[in-house]
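Inside the fold
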Amino acid sequence: MIETERLLLREYTPDDYDALYEIMSDPETMQHYPAPFDEERTRRWIEWNLDNYAQYGFGLWAVVLKETGEFIGDCGLTLQNIDGEMLPEIGYHIHKKYQKRGFAKEAARAVRDWAFLNTKYRALYSYMKYTNEGSRRTAEAVGMKKVKEYPDPKNTISYAFSVTREEWIHKKEKDGTDNS
Ligand SMILES: CC(C)(COP(=O)(O)OP(=O)(O)OC[C@H]1O[C@@H](n2cnc3c(N)ncnc32)[C@H](O)[C@@H]1OP(=O)(O)O)[C@@H](O)C(=O)NCCC(=O)NCCS
């Protein structure tokens, strides 16, 4: 369980299906994906993350509001194929009614810190379709810079963003207790 100022990140359970389906089946939310998810794909998303927890000790975690316990999306670490390499990726999805309130940044920064403290990865990545400005700006807010632009059959062009462990340590030292 990861706690931030306003959020808790916890493991998915099959009970999250209905709330997750509302997000992943929404065409507007999923406009930068090849297609919105159907029921089967949403079920597999939860199963994939339960497998990730068992296999790697991390995955995408359910993001819930501390105040109400409401499920508002997910954020976490998974291994993703980024231009042919399997790399640790911070991913995020937030329900459209909660977007643009800083929740993705807050969750993704906590995942970045968790990953550098609990894994040995030397760098963390986020990748997205070139049109996905919200995702790109969330990556930047986590301290990532664009490291690659490459053709990707599902995205036409994908951008890869990354922050290294050294950059993260340097920023933490510079900022003192600042949480960004
Ligand atoms: C990407 C996503 C998770 C961002 O969630 P969010 O909670 O709205 O993000 P935040 O409020 O923390 O904002 C993070 C930054 O992105 C910017 N941003 C958020 N949505 C944006 C949008 N639609 N267009 C442009 N900028 C956007 C914010 O202004 C903020 O920038 P700043 O740091 O310069 O202030 C959300 O839009 C989403 O769930 N999208 C659909 C799923 C998706 O595409 N996930 C990424 C897959 S690669």
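Scroll up to find the structure this text is about.
Residues numbered from 1 in each chain as written. Predicted model: local features only at pLDDT ≥ 70, side-chain atom pairs only at ≥ 80, totals over all residues. Heavy atoms only, no water.

The next thing to look at is the pairing of strand S2 (residues 7-10). Across a regular strand the side chains alternate sides, sitting on one face of the sheet and then on the other. Only one face of S2 is buried: it carries Leu 7 and Leu 9, and the other face, with Leu 8 and Arg 10, is open. With 2 bridges joining them, strand S1 (residues 2-3) and S2 adopt antiparallel strand pairing. Within the sheet, the bridge partner assigned to Glu 3 lies in S2 and is Leu 8. Turn length for the S1-S2 hairpin, with the two strands adjacent in sequence and antiparallel, is 3 residues. (Buried < 20%, exposed > 50% of the residue type's maximum accessible area, 1.4 Å probe, protein only. Helix = DSSP H or I, 4+ residues; strand = E, 2+ residues; numbered from the N terminus. Pairing = 2+ DSSP bridges.)

Among the 6 residues in strand S3 (residues 60-65), 6 count as buried, and that is most of the element. The pairing of S2 with S3 spans 4 bridges and is classified as antiparallel. Within the sheet, the bridge partner assigned to Leu 9 lies in S3 and is Val 63. Across 5 bridges, the pairing between S3 and strand S4 (residues 71-82) is antiparallel. Pairing of Leu 60 across the sheet is with Gly 76, part of S4. Linking S3 to S4, which pair antiparallel, is a turn of 5 residues; within it Gly 69 sits at a positive phi near 80 degrees.

In the vicinity of the ligand lie 21 residues, with Tyr 92, Ile 94, Lys 100, Gly 102 and Asn 132 positioned nearest. In the environment of the ligand, an oxygen atom lies 2.7 Å from a nitrogen or oxygen atom belonging to the backbone of Gly 102. In this structure, an oxygen atom belonging to the ligand sits 3.1 Å away from a main-chain N or O atom of Ala 104. In isolation the ligand exposes 920 Å². Once the protein is present, 80% of that is buried. Elements with a contribution of two residues or more to the shell around the ligand: strand S5 (85-94), helix H3 (103-118), strand S6 (123-129) and helix H4 (133-141). (Near = heavy atom within 4 Å. Polar contact = N/O pair within 3.5 Å; in protein donor to acceptor, adjacent residues only side chain to side chain. Areas by Shrake-Rupley, 256 points an atom, 1.4 Å probe, with all protein chains shown as cover.)

Take the nonpolar core next. Counting residues in each nonpolar core, the largest one holds 45 residues, and the members touching the most others are Leu 9, Tyr 12, Cys 75 and Ile 90. The leading source of residues in this core is H3, at 8 residues. If we skip the residues at most four places from it in the chain, Ile 90 touches Cys 75, Gly 76, Leu 77, Ala 108, Val 111, Arg 112, Leu 124, Tyr 125, Ser 126, Val 142 and Met 144. Membership of the second largest hydrophobic core comes to 7 residues, among which are Ile 82, Leu 87, Tyr 127 and Ala 160. (Core = buried A, V, L, I, M, F, W, Y, C linked by side-chain atoms within 4.5 Å. Contact = heavy atoms within 4.5 Å.)

Keep in mind that these numbers describe shape and distance, not what the molecule does.
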